[in-house]
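Observations on the model geometry
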Amino acid sequence: MKKIGLLFAFAFFVVFSVAAKNVKRGGDANLTPYLNESDARVVCKDIVDQIVQSPRIVRFSAQNNRDPVVSIGTIRDETGEFFDTQIIANSLKTSILKSGVLEFMANKDIRDQMRDEVMDQSDHANEDAAKAIDDEDAADYMLTGSVKLMIQNNGKLQERTYIVNIELTDLQTHRTVDMFEPSEDVKDYLKKVAKIKSK
């Protein structure tokens, strides 16, 4: 029985070693040459950590005696491989909500649903309980950005580097007030190396 267990462990080691040789990447233990949700969570937390320390955000909080409200606009896919940028948007949202420094404004489609609900309340709900029409909070800043992909072939290996850039724009002035990219500590999550398949 003990021999069988050792053989099983050895077989697992061999299979895992072969798989690891085919694809190597930063990030978690999932072996994949593509940017995934686990990578996005780490990268976006890093970016939001930078945002909350931005002089603009610190100054806003001090001058207005409240936390700034942030919305998320378009994150453009410029990878050429149909990358779902909603992964980045959702990860940014999660990190914003957990930051304790920034407030998050619901996305446009959700706000439209909420407005429909408030209108319905004005017709049917108790007057004291119904929410007021045209009494919404407003975002102070919008986050927009892009995801790009740089590919380099080196013999039988292909190195894929994802580039994430996020801009912070003042919604009152429409001025871009800061720009962010992943810090050196997490850039490994954006680098993938895989074997090029033989034709």
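Residues numbered from 1 in each chain as written. Predicted model: local features only at pLDDT ≥ 70, side-chain atom pairs only at ≥ 80, totals over all residues. Heavy atoms only, no water.

Side note on the confidence of the model for the chain
Counting all residues, the mean pLDDT for the chain is 84, and 83% of those residues have values of 70 or more. Per-element averaging of pLDDT across the chain places helix H1 (residues 2-22) at the bottom with 42 and strand S6 (residues 176-180) at the top with 97. (pLDDT = per-residue confidence, 0-100. Helix = DSSP H or I, 4+ residues; strand = E, 2+ residues; numbered from the N terminus.)

Considerations on the packing of aromatic side chains
Counting across every chain of the model gives two aromatic pairs. With centroids separated by 5.7 Å and ring planes inclined at 70°, the aromatic side chains of Phe60 and Tyr141 adopt a geometry described as edge-to-face. In this pair, Phe60 sits in helix H3 (residues 55-64) while Tyr141 sits in strand S4 (residues 141-154), placing the two residues 81 residues apart along the sequence. For the pair shown, Phe60 and Tyr141 are each scored as buried. For the pair Phe83 and Tyr162, a centre-to-centre distance of 6.3 Å together with 45° between the ring planes defines the contact as tilted. Separated by 79 residues along the polypeptide, Phe83 in the loop between strand S2 (69-78) and helix H4 (86-99) and Tyr162 in strand S5 (residues 157-170) bring together distant segments of the chain. We note that Phe83, like Tyr162, is buried. (Phe/Tyr/Trp six-rings, centres within 6.5 Å; stacked < 30°, edge-to-face > 60°. Buried < 20%, exposed > 50% of the residue type's maximum accessible area, 1.4 Å probe, protein only.)

Side note on unusual backbone geometry
Although it is not a glycine, Asn65 sits at a positive phi angle of roughly 55°. With respect to the secondary-structure elements, Asn65 resides in the loop between H3 and S2. Phi is positive for Asp134, close to 60°, though the residue is something other than glycine. Inspection of the secondary structure puts Asp134 in the loop between helix H5 (108-124) and S4. For Asp134, a relative accessible area of 77% gives the class exposed.

Examining a negative patch on the surface
A cluster of acidic side chains, namely Asp67, Glu103, Asp134, Asp135 and Asp137, defines a negative patch on the protein surface. By relative accessible area, which is 31% here, Asp67 ends up partly exposed. (Patch = residues over 30% accessible without salt bridge, like charges linked within 9 Å, V, L, I, M, F, W, Y side chains within 5 Å. Areas by Shrake-Rupley, 256 points an atom, 1.4 Å probe, with all protein chains shown as cover. Salt bridge = Lys/Arg side-chain N within 4 Å of Asp/Glu carboxyl O. Lys, Arg positive; Asp, Glu negative; His and termini not counted. Charge placed at Lys NZ, Arg CZ, Asp CG, Glu CD.)

Regarding the pairing of strand S7 (residues 191-195)
Here S7 shows one buried face, formed by Lys192 and Ala194, and one open face, formed by Lys191, Val193 and Lys195. Relative to S7, S5 runs antiparallel, the two being bridged by five bridges. Paired with Gln158 across the strands is Ala194, a residue of S7. (Pairing = 2+ DSSP bridges.)

Digging into the pattern of salt bridges
Inspection of the entire model under this criterion finds eleven salt bridges. The partner of Glu136 in a salt bridge is Arg115, and the shortest N-O contact between them spans 2.7 Å. Remark: Arg115 occurs in helix H5 and Glu136 occurs in the loop between H5 and S4; sequence separation between them is 21 residues. Under the relative-accessibility criterion, Glu136 is labelled partly exposed at 46%. When its relative accessible area of 33% is taken as the criterion, Arg115 is described as partly exposed.

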